[in-house]
There are 2 protein chains.
Amino acid sequence: MYPELLNHIKRYVSLAARDEELLCDHVQPLGLKKKGILLEPGKICTGNYFVVKGCMRLYFINNKLNEHIIQFGLENWWINDQDSSLHKKPSNCYLQAIEPSELLLLPDKALPALFQQAPQLESYFRIMTQIVYVAAQRRIGFVFNQTEEERYRSFVSQFPGFVQRVPQYMIASYLGLTPQYISRLRAKIS
Amino acid sequence: MYPELLNHIKRYVSLAARDEELLCDHVQPLGLKKKGILLEPGKICTGNYFVVKGCMRLYFINNKLNEHIIQFGLENWWINDQDSSLHKKPSNCYLQAIEPSELLLLPDKALPALFQQAPQLESYFRIMTQIVYVAAQRRIGFVFNQTEEERYRSFVSQFPGFVQRVPQYMIASYLGLTPQYISRLRAKIS
DNA sequence: CGCGACGTTGATTTGCCTCAACGATTGTGG
DNA sequence: CCACAATCGTTGAGGCAAATCAACGTCGCG
């Protein structure tokens, strides 16, 4: 049994004991050290990873050889390359551990049967997807609506402490600006 | 019965005749003339709109009084303010018809019972949300990865004909650049 | 120690915005 | 049917915010 995962699910839907077992039968725990890689460009993403401990990032490298972070994965959240997973196409992303991490893998191929037998789980994943979709929409709004400076400030205030936890160049990469720019901003603020 | 909607659903899941009726009982058709408004800032979005004919846009106005289009809604697609709808909070967006449009309204409050009685419908909406989520992710990648020029070009090639269909300033607003810039781009291209 | 990873700072460049004025087209009311 | 306004696109001039290029500082680690 995986209490972190089950507790997270039970925040959103109720789950019978039988369904809990069913789910846990399909889940595999896995550990990853810093900079460990779960997915590389060219490979197809076939699973969903629940972060029990640690921190992940999903990023790609563009033709100017710049890294761009699409998404961070913190404790009690899911991370994978949905684009690759949903359309069964080769990913162009890396999925990498920023810190030593403990994850739970739920393979895509287990989902149809799981959803069939435990519709609550389909509800749960529908809700998860809605939440991250809304977050993505907001992020788009942020990019268009705010200046780079406002963007950095609101990110910091929205995730206090996170800035301390990961290198600054990753924050820059997530917000779509340069490390130098953030450095200057920080100097200006203090 | 609403064939456009049912056909769209059947692209993704199979639906028993009983479920079709059940769904259609909760659906209301509605017409909208050009510039007609379905949602305004301050109001809570309580429904999902399926576009049978026409074109919608979801946009907000920032503090510099600029419009920013979050999403277009074309034929055979859903549009609403998920953020408002999911979190039951007042929207800060307008949902407006760009062309005279025919829509189908499926109220949020009908969903729990529908999903309970027809799990296939929950599957369908889970898949819909996944698709738009992936699209939003890609859009974020576009914004960070490409120059404004590349962004415009790839938008045009991805949605050929759409540029003819809506005013250019709306394309600009969707892509996060100025109408003047697009105008100059078009001049340069030809 | 020496190397790599990360952050800082300075000088320069540039892509896009802003402001402003000017057409072209469409729609509308007298 | 015409005058007028509203809507939308184009073009020019100027400015600025952030990127780029480059060098240096510092910390941690094999």
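The structure this text deals with has already been given above.
Quick caveat, the model's predicted, so the values are computed rather than measured.

Draft legend 1. Geometry of the overall build of chain A. For chain A, the count of helices and strands is nine helices and eight strands. In terms of overall dimensions, chain A is globule-like: its C-alpha atoms have a radius of gyration of 18 Å, near the 16 Å expected for 190 residues. Projected onto the principal axes, the alpha-carbon positions of chain A cover approximately 55 × 35 × 30 Å. Residue burial in chain A is summarised as follows: out of 190 residues, 31% are buried.

Draft legend 2. Looking closely at the pairing of strand β8 (residues 101-107) of chain B. Residue and element names in this part refer to chain B. Two elements, strand β1 (residues 28-32) and β8, share five bridges in a ladder whose sense is antiparallel. Within β8, the position partnered with Leu30 by the bridge is Leu103. The pairing of strand β3 (residues 47-53) with β8 spans six bridges and is classified as antiparallel. Residue pairing across strands places Gly47 opposite Pro107, the latter belonging to β8.

Draft legend 3. Quick look at the interface of chain B and chain A. In this assembly, 27 residues from chain B lie in contact with 28 residues from chain A. Classifying every residue of the side of chain B that touches chain A by side-chain character gives twelve nonpolar, ten polar and five charged.

Draft legend 4. View of the environment of Gly47 of chain A. Residues and elements named next belong to chain A. Mapped onto the secondary structure, Gly47 falls in strand β3 (residues 47-53). Taking the C-beta count within 10 Å as the criterion, Gly47 has 21 such neighbours and is therefore assigned buried. The spacing of Gly47 and Leu23 is 24 residues in sequence and 14 Å in space, taken between C-alpha atoms.

Draft legend 5. A look at the relation of the copies chain B and chain A. Once chain B is rotated about the relating axis by 179 degrees and shifted along it by 0.0 Å, it coincides with chain A to within an RMSD of 0.1 Å. Such a turn and shift between the copies fits a two-fold axis. By residue overlap, the copies meet face to face through one surface: 100% of the interface positions of chain B are interface positions in chain A.

Draft legend 6. Quick look at the environment of Leu105 of chain A. All names here are of chain A. The topology assignment puts Leu105 in strand β8 (residues 101-107). Residue Leu105 is classed as partly exposed on the basis of its C-beta count, with 17 C-beta atoms lying within 10 Å. Residues Leu105 and Val51 lie 54 residues apart in sequence; the distance between their C-alpha atoms is 9.1 Å. The contact partners of Leu105, leaving out residues within four places of it in the chain, are Val27, Gln28, Leu30, Gly47 and Tyr49.

Draft legend 7. Highlighting the protein's contact with DNA strand C. Inspection of the region around DNA strand C gives 16 residues, with Gln168 and Ser183 of chain A together with Glu148, Leu177 and Tyr181 of chain B positioned closest. For the surface near DNA strand C, the secondary-structure elements that each account for two or more residues are α8 (168-175) and α9 (179-189) of chain A together with α6 (148-158) and α9 (179-189) of chain B. If you tally residues by element for the surface near DNA strand C, the top one is α9 of chain A, at six residues. Considering only residue class, the surface near DNA strand C consists of six nonpolar, six polar and four charged.

Draft legend 8. Quick look at the protein's contact with DNA strand D. The environment of DNA strand D is made up of 16 residues, and the closest members are Glu148, Leu177 and Tyr181 of chain A together with Gln168 and Ser183 of chain B. The set of elements that each furnish at least two residues to the surface near DNA strand D consists of α6 (148-158) and α9 of chain A together with α8 (168-175) and α9 of chain B. With six residues, α9 of chain B is the single largest residue contributor to the surface near DNA strand D. Residue composition of the surface near DNA strand D, grouped by class: six nonpolar, six polar and four charged.

Draft legend 9. Seen up close, unusual backbone geometry. For Asn76 of chain A, which is not a glycine, the phi torsion comes out positive at approximately 60 degrees. Here Asn76 of chain A lies in the loop between β5 (67-73) and β6 (77-79). Residue Asn76 of chain A is classed as partly exposed on the basis of its 14 C-beta neighbours within 10 Å. One non-glycine residue with positive phi stands out, namely Leu65 of chain B, at about 65 degrees. Here Leu65 of chain B shows up in the loop between β4 (56-61) and β5 (67-73). On the basis of neighbour counts, which here come to 6 C-beta atoms within 10 Å, the residue Leu65 of chain B falls in the exposed class.

Draft legend 10. Fine view of the sheet that holds strand β7 (residues 94-97) of chain A. Here we have four strands laid out as an open sheet, ordered β2-β7-β4-β5 (chain A), and antiparallel in their pairing. This sheet does not close on itself; its edge strands, each paired only once, are β2 (37-39) and β5 of chain A. Sheet twist, expressed as the average angle between the axes of neighbouring strands with direction ignored, equals 30 degrees. Set on the sheet, α8 of chain A makes contact with β4 (56-61) and β5 of chain A; between it and β5 of chain A the angle comes to about 95 degrees. Sheet strands touched by helix α5 (residues 119-145) of chain B: β4 and β5 of chain A. Its angle to β5 of chain A, the strand with the most contacts, is close to 145 degrees.

Draft legend 11. Inspection of the packing of helix α5 (residues 119-145) of chain A against α5 of chain B at higher detail. Closest axis-to-axis distance for the α5 of chain A/α5 of chain B pair is 9 Å, and the angle between their directions is 25 degrees. Classed by the angle they form, the pair α5 of chain A and α5 of chain B counts as roughly parallel. Both α5 of chain A and α5 of chain B take part in a crossing whose hand is left-handed. In terms of residue class, the contact of α5 of chain A with α5 of chain B is made up of 14 nonpolar, eight polar and six charged.

Quick notes on the rules
- Residues numbered from 1 in each chain as written.
- Chains lettered and ligands numbered in written order.
- Predicted model: local features only at pLDDT ≥ 70, side-chain atom pairs only at ≥ 80, totals over all residues.
- Helix = DSSP H or I, 4+ residues; strand = E, 2+ residues; numbered from the N terminus.
- Rg over C-alpha atoms; globule rule 2.2 N^0.38 Å.
- Buried ≥ 20, exposed ≤ 12 C-beta atoms within 10 Å, placed from the backbone.
- Pairing = 2+ DSSP bridges.
- Contact = placed C-beta atoms within 7 Å.
- Nonpolar A, V, L, I, M, F, W, Y, C, P; charged D, E, K, R; others polar.
- Least-squares fit on C-alpha atoms with pLDDT ≥ 70 in both.
- Near = placed C-beta within 6 Å.
- Axes fitted to C-alpha atoms, helices over the stretch in contact; angles between N-to-C directions.
- Parallel < 35°, antiparallel > 145°, perpendicular 65-115°, else oblique.
- Left-handed = near helix turned anticlockwise from the far one by under 90°.

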